[in-house]
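One-letter residues, chain by chain:
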Amino acid sequence: MFKYIVKRLLLSIIILLGVSIIIYTLTRLMPADYVDQTFSSKVQSGAMSMEDLQRYKELLGIGDNSFTGIMKGYFGWLGRLLQGDLGRSFKYQKPVAEVIASQMWYSFGIAIVATILQFAIAIPLGITSATHQYSVRDYVTTVLTMIGIGLPSYFFGAIVIKVFAVDLGWLPSGGILSGGVTYADNFAGMMAQFGDMVWHLILPIVVTVLLSIGGLMRYTRTNTLEVLSADYIRTARAKGLSEKKVIYKHAFRNTLIPLATLLAGILPSLFGGMLITEQVFGIPGIGKYAYDALQFADIPFVMGYNMFLAILTVIGTLFSDIMYSIVDPRVKLK
Amino acid sequence: MKEEEKIIAPSADEGKNKDLAVTAETLEEPTEALKENATLTEEGRESVGERELGVAEETYKEMSPIRLVLRRFFRSKLSIVGIVMIAALIIFSVLGPVIFNRWGEETVDRGVYVSEDVNYYRQDDGNGGYVNVTEVVESEDGINRLADPSGDHWLGTDEKGMDVFVRLMYGGRISLLIGFIVVILETILGIIIGGLAGYFGGWVDNVLMRVVDVFNCIPTLPILFIASAAINSWGLTEDVNIYLLMVFITLFSWSGTARLVRGQILGLREQEYMTATEVMGYSPARRIFKHLIPNVMPQLIVSMTLGLGSVILYESTLSYLGIGVQPPKAAWGSMIALANRPEILNYHVNVWLPAGLLIVIAVLGFNFIGDGLRDAMDPKARK
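The model shown is predicted, which means the values in this text are computed figures rather than measured ones. (Residues numbered from 1 in each chain as written. Chains lettered and ligands numbered in written order. Predicted model: local features only at pLDDT ≥ 70, side-chain atom pairs only at ≥ 80, totals over all residues. Heavy atoms only, no water.)

## Digging into the overall build of chain B
- Per the secondary structure count, chain B includes 16 helices and two strands.
- Classification of the 383 residues of chain B by burial places 45% in the buried group.
- Long-range contacts, defined as pairs at least 24 residues apart, comprise 70% of the intrachain contacts of chain B with a sequence gap of at least 6.
- Put simply, chain B shows about 19400 Å² of open surface, and 60% of that area lies on carbon and sulfur atoms. (Helix = DSSP H or I, 4+ residues; strand = E, 2+ residues; numbered from the N terminus. Buried < 20%, exposed > 50% of the residue type's maximum accessible area, 1.4 Å probe, protein only. Contact = heavy atoms within 4.5 Å. Areas by Shrake-Rupley, 256 points an atom, 1.4 Å probe, with all protein chains shown as cover.)

## A few points about the overall build of chain A
- Helix and strand counts for chain A come out as 14 helices and zero strands.
- In chain A, the succession of α and β elements from N to C terminus is α-α-α-α-α-α-α-α-α-α-α-α-α-α.
- In chain A, buried positions account for 45% of the 334 residues.
- Approximately 16500 Å² of chain A is accessible, and the part contributed by carbon and sulfur atoms is 67%.

## Section: the environment of Gly104(B)
Residue and element names in this part refer to chain B.
- As for its placement among the helices and strands, Gly104 is situated in the loop between helix H6 (77–99) and strand S1 (110–124).
- Linking Gly104 and Met297, residues 193 residues apart in sequence, is a C-alpha distance of 40 Å.
- Among residues more than four places away in sequence, those in contact with Gly104 are Val166 and Tyr170.

## Concerning the interface of chain A and chain B
- With 48 residues of chain A in contact, the opposing surface of chain B contributes 48 residues.
- Of the roughly 4200 Å² buried where chain A meets chain B, counting both sides, 78% is carbon and sulfur surface.
- Across the chain A-chain B interface, the total number found is one salt bridge.
- Across the salt bridge formed by Arg218(A) and Asp371(B), the nearest N and O atoms sit 2.1 Å from each other.
- Linking chain A with chain B are three residue pairs in polar contact (both at pLDDT 80 or more).
- Mapped by element, the contributors of at least two residues to the side of chain A that touches chain B are helix H1 (2–28), helix H6 (136–150), helix H7 (153–167), helix H8 (187–228), helix H9 (231–238), helix H12 (275–281), helix H13 (286–295) and helix H14 (299–327) of chain A. (Buried area = accessible area lost by both parts, 1.4 Å probe. Salt bridge = Lys/Arg side-chain N within 4 Å of Asp/Glu carboxyl O. Polar contact = N/O pair within 3.5 Å; in protein donor to acceptor, adjacent residues only side chain to side chain.)

## Examining the packing of helix H7 (residues 164–200) of chain B against helix H10 (residues 238–251) of chain B
Residue and element names in this part refer to chain B.
- The contact between H7 and H10 brings their axes to 9 Å, and the two run at 45°. Classified by the interaxial angle, the pair formed by H7 and H10 is oblique. Of the two possible hands of crossing, H7 and H10 adopt the one that is right-handed. On H10, the residues touching Ile174, Leu177, Ile178, Ile181, Val182, Leu185 and Glu186 of H7 are Ile242, Met246, Ile249 and Thr250.
- Here the residues of the contact of H7 with H10 sort into nine nonpolar, one polar and one charged. (Axes fitted to C-alpha atoms, helices over the stretch in contact; angles between N-to-C directions. Parallel < 35°, antiparallel > 145°, perpendicular 65-115°, else oblique. Left-handed = near helix turned anticlockwise from the far one by under 90°. Nonpolar A, V, L, I, M, F, W, Y, C, P; charged D, E, K, R; others polar.)

## Looking at the confidence of the model for chain B
- Summing up the model confidence of chain B, the mean pLDDT is 76 and the portion of residues at 70 or higher is 78%.
- Two summary scores accompany this predicted model of the complex, namely pTM at 0.78 and ipTM at 0.82. (pLDDT = per-residue confidence, 0-100.)

## Section: the nonpolar core
- The biggest cluster of nonpolar side chains holds 142 residues, and the ones touching the most others in it are Val19(A), Phe301(A), Ile178(B) and Trp332(B).
- Discounting residues that sit within four places of it in the chain, Val19(A) has contacts with Met307(A), Ala310(A), Val214(B), Cys217(B) and Ile218(B).
- Core analysis: the second largest hydrophobic core is formed by 11 residues, Ile191(B), Ile265(B), Ile288(B) and Leu300(B) among them. (Core = buried A, V, L, I, M, F, W, Y, C linked by side-chain atoms within 4.5 Å.)

## Quick notes on helix H5 (residues 65–75) of chain B
- All buried positions along H5(B) are accounted for by Leu68(B), Val69(B), Arg72(B) and Phe73(B). Down the axis, H5(B) shows its buried residues gathered within 135° of arc, on one side only. (Arc of directions from axis to C-beta.)

## Examining the environment of Gly282(A)
Residues and elements named next belong to chain A.
- Along the polypeptide, Gly282 turns up in the loop between H12 and H13.
- Measuring from C-alpha to C-alpha, the distance between Gly282 and Pro204 comes to 9.8 Å, with 78 residues separating the pair along the chain.
- Once you skip the residues sitting within four places of it in the chain, Gly282 turns out to touch Gly175, Ile176 and Lys288.

## Focus on a positive patch on the surface
- Taken together, the side chains of Lys239(A), Lys245(A), Lys249(A) and Arg253(A) make up a positively charged region of the molecular surface.
- Note that Lys239(A) resides in the loop between H9 and helix H10 (243–255). (Patch = residues over 30% accessible without salt bridge, like charges linked within 9 Å, V, L, I, M, F, W, Y side chains within 5 Å. Lys, Arg positive; Asp, Glu negative; His and termini not counted. Charge placed at Lys NZ, Arg CZ, Asp CG, Glu CD.)

## Some details on the packing of aromatic side chains
- Throughout the structure, instances matching the rule amount to 17 aromatic pairs over all chains.
- Between Phe215(B) and Phe252(B), the aromatic rings sit 5.9 Å apart at their centres with planes inclined by 45°, giving tilted as the arrangement. Of this pair, Phe215(B) sits in helix H8 (residues 202–217) while Phe252(B) sits in the loop between H10 and helix H11 (255–269), placing them 37 residues apart in sequence. For the pair formed by Phe215(B) and Phe252(B), the shared burial category is buried.
- Taken together, a centroid distance of 6.5 Å and an interplanar angle of 15° make the contact between Phe248(B) and Phe252(B) stacked.
- Given a relative accessible area of 6%, Phe252(B) falls into the buried group.
- Pairwise contacts between aromatic rings join Tyr24(A), Tyr74(A), Phe75(A) and Trp77(A) into one cluster. (Phe/Tyr/Trp six-rings, centres within 6.5 Å; stacked < 30°, edge-to-face > 60°.)

## Observations concerning helix H9 (residues 220–233) of chain B
- Its 14 residues give H9(B) an end-to-end C-alpha distance of 20 Å, which sits within 8% of 20 Å, the value for a rise of 1.5 Å per residue.
- Of all 14 residues in H9(B), 11 are buried; the element is thus mostly enclosed.
- Every buried residue belonging to H9(B) is among Leu221(B), Pro222(B), Ile223(B), Leu224(B), Phe225(B), Ile226(B), Ala227(B), Ser228(B), Ala229(B), Ala230(B) and Ile231(B), and all of these are buried.
- Those residues of H9(B) that are buried are in contact with H1, H12, H13 and H14 of chain A together with H10 and helix H13 (284–320) of chain B.
- One or two steps after H9(B), the chain reaches Gly235(B), where phi turns positive at roughly 70°. (Expected span 1.5 Å × (residues − 1).)

## Re the pattern of salt bridges
- In the structure shown here, the tally under the stated rule is 11 salt bridges over all chains.
- A salt bridge links Arg262(B) to Asp205(B), with the shortest nitrogen-to-oxygen separation between them at 2.7 Å. Remark: Asp205(B) occurs in helix H8 and Arg262(B) occurs in helix H11; sequence separation between them is 57 residues.
- Take Asp205(B): its relative accessible area is 10%, and that puts it in the buried class.
- Among the ionic contacts, a cluster of salt bridges with common partners joins Arg218(A), Asp371(B) and Arg374(B).

## A look at the packing of H7(B) against H13(B)
All names here are of chain B.
- Following both chains from N to C, one finds H7 and H13 inclined at 145°, their axes separated by 7 Å at the closest point. Remark: the crossing between H7 and H13 carries right-handed chirality.
- Counted by class, the contact of H7 with H13 contains 21 nonpolar, five polar and two charged residues.

Structure follows, in structure tokens:
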């Protein structure tokens, strides 16, 4: 087991190197880089010359866009990364790691609640729709959750904002705190602020949950169907156990085994933020920050963010493989 | 469930019932009958044997595997709904513009119209509260902007005075085209890489699968964002941009297919018929592409159908972000993006809502078909 983990971690380093090369090259190919965007007005008014601009780019290490220039930039970035420095974000004027660490928690807060709700709703739905296969209940849940898969988040977000925020006026349409309100600097004030935040996050969380139930519910349904046709379920029924006991005691636990593989995807989605949803609802989470940075060609931040996601994916995959061998002793890691 | 109980405790009576059911099945599905035969009681088997002598020639009808799959596929209501949805969508977007040719994709409805600009302000009223001010500015210009649905424009016009209904059709064309091309490309790439890795194993497998891992770890949406921003800056024509976009979507989504193919082939490689091909001295290329890949096809077709939905979602997301299909070309995603302007979101639902509904129909349709195919092709399925 230990040997396996070490081997996987070593492989992960090679994989992450490959990932970083691809992302860096593409990022450098992005148009309208930060310097051009920021100083275009100064260049037009003559306050800065093109040479100044070029010098500034050199200073940031993005002056030379030829192959060797990009390679040099990449190894510079890699070298600093190995010293634990992700670089300084152009747009936010702070170290990248600091920006990620400070904005991550908004995204994490939404994601953790959404993930728990998602599991709490999707697994029972999946099981009932499997035990009542081809019934009205099965068809209704299948169709509704599949609609959730097909709905683009920005479109569903627009509908929800229109209906609940604009037409009905029940909930705020975006942002994280009400504008123009100050909170007292004591416990009551903090609680009020927290309540306001929760109030603002209801819509984004609902959207996230409704859109992600579908995949998990389908997955549970398929697993449960497979388990229900296994021999030991037939044995349990033959013993004369009640249907309830057969399903919840014998089948249910085994339907959870393949769910361990889902852990691989959960880690990035917990910490990585949601580019689109956060942007639609104006939540200052990591996803929105990344989106703004992408538009700004903020190379250090884009690199930092993408590598953060890639690392989470690698760890998540490893974690899910280990979990799988724990919950299912038949699986041997080698 | 009931069937299983019968198998557990077959009484003499039930044996006969089953027998009858089996002969009814033999009319159409010989393989099913053979399978059922195995579970029959001895007397049941005898009677089938007797009857087969006489009736076999008349009742036996050979069915190809494809027809069997199709029969099972059409038994599910959801797959039929899916087929109808996708067929309607294809007709709508491919034939629609031919029949409904009053407005073109980029035709601006010119004429003298009064257009309304609605502005919102929020002002301090001096007492700590706010007053919402709505300002309606009417102006006359030569373009019929943001018209409401009418006989002229079934779904009204957008902010540039282009017909929404017609643009939905053109948007559908581009979405479906991108979907089909990307899925075909990624399947080809996946078959080649996954096939080589699975067949040869060893270091080939190791190297290729690490490449797959690399592509699997790259966050898709941010990287597509970066790639399409780069494409748009190269100053190429719109059509070339769209083709390059397809290439990039393919490049960052083929890894799943490759994994699927490899996994399947690892299992198939050990089967006896593959040893037979080895004995017969076939070349590796022939063994991979003629004997292994066709056996992976069922799973591949399912994953292709399901993949169509997700590619359409990716494309529309990129268009929504303004970096996919570029205006004035129509795309569902960029039509929904108009809802970012509050007055369109609130007062011109006809501009953005239909595009979103079409995306849902497309993804839902492909998912229904994919699910139906999976059930139909599953050899373990009883029905």
